[in-house]
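Fold and geometry: a report
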Amino acid sequence: MSVLRRLLVALLLVTAMGALTVDYAASADANTAYPAQPDVEESPSAYHGERVVLWLTVTAVGDGRFTAGHWTVEATPVPASLDVGDTVAVAGTARPGHRLEADSISVIDATNRRYLYGVSVLALLASGLFVLARWRLDVQELALVPRGTETDSTGGDSQ
């Protein structure tokens, strides 16, 4: 396959991926079972009594409740691992006065996030090294070829 054809195929795939991403982003809020967070934040009174899911950052922790921005989240019990600065995903019922009665809370603390990113970077490096140990980049053909083989300009083996 010629270099120009490879570049055109790559451009076509990247363009298709971009179009699908834009389409998904444009229609994601319409296809969810819960109201979108910006809508709930903009007019919370419109969602009183409805089940909502909000991503919040904890600003204060108390007995049986915690505060996240202008929301007071009532939970029994408050997760023991919850600290100020943690990000939480709260599913519950919206109530008047920026209150949220939590049914479930998922805590994402900063330590776990650093661990997640660290492991992801290590996995990416290990995967790259694994591929490069067995394959090499043929710059003229813009292709990965197994190590130990040489290709001529027609793409056939020269051995």
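Counting from 1, residues in each chain are numbered in the order their sequence is written. Selection of residues for local features in this predicted model requires a pLDDT of at least 70, selection of side-chain atom pairs for listing and counting requires 80 or more, and totals for whole chains, interfaces and linings are taken over all residues. Only hydrogens and water are set aside when side-chain values are computed; all heavy atoms of the structure are taken into account.

Regarding the pattern of salt bridges
Formally: In the sections that follow, a salt bridge refers to a side-chain nitrogen of Lys or Arg positioned within 4 Å of a carboxyl oxygen of Asp or Glu. Numbering goes from the N terminus for both helices and strands, where a helix is a DSSP run of H or I of at least four residues and a strand is a run of E of at least two. The rule is simple: take the accessible area with a 1.4 Å probe, protein chains only, and divide by the maximum for that residue type; under 20% is buried, over 50% is exposed, in between is partly exposed.
Per the counting criterion, the structure on display carries four salt bridges. With a closest N to O distance of 3.1 Å, Glu74 and Arg99 form a salt bridge. Taken together, the residues Glu74 in strand 4 (residues 71-74) and Arg99 in strand 6 (residues 99-108) connect sequence positions 25 residues apart. Note on Arg99: relative accessible area 28%, which makes it partly exposed. Across the pair Glu101 and Arg95 runs a salt bridge whose closest N-O atoms are separated by 3.3 Å. A relative accessible area of 27% means that Arg95 is categorised as partly exposed.

Quick word on the sheet that holds strand 6
Worth spelling out the cut-off: When DSSP finds two or more bridges between a pair of strands, those strands are recorded as paired.
Ordered in space as 1-5-6-4-3-2, the six strands form an open sheet in which the pairing is mixed. Two strands bound the open sheet, and with one partner strand each, they are strand 1 (51-57) and strand 2 (60-61). For strand 1 and strand 5 (residues 87-95), the ladder comprises seven bridges, and the chain directions are antiparallel. When the sheet's bridge partners are listed, Trp55 is paired in strand 5 with Ala89.

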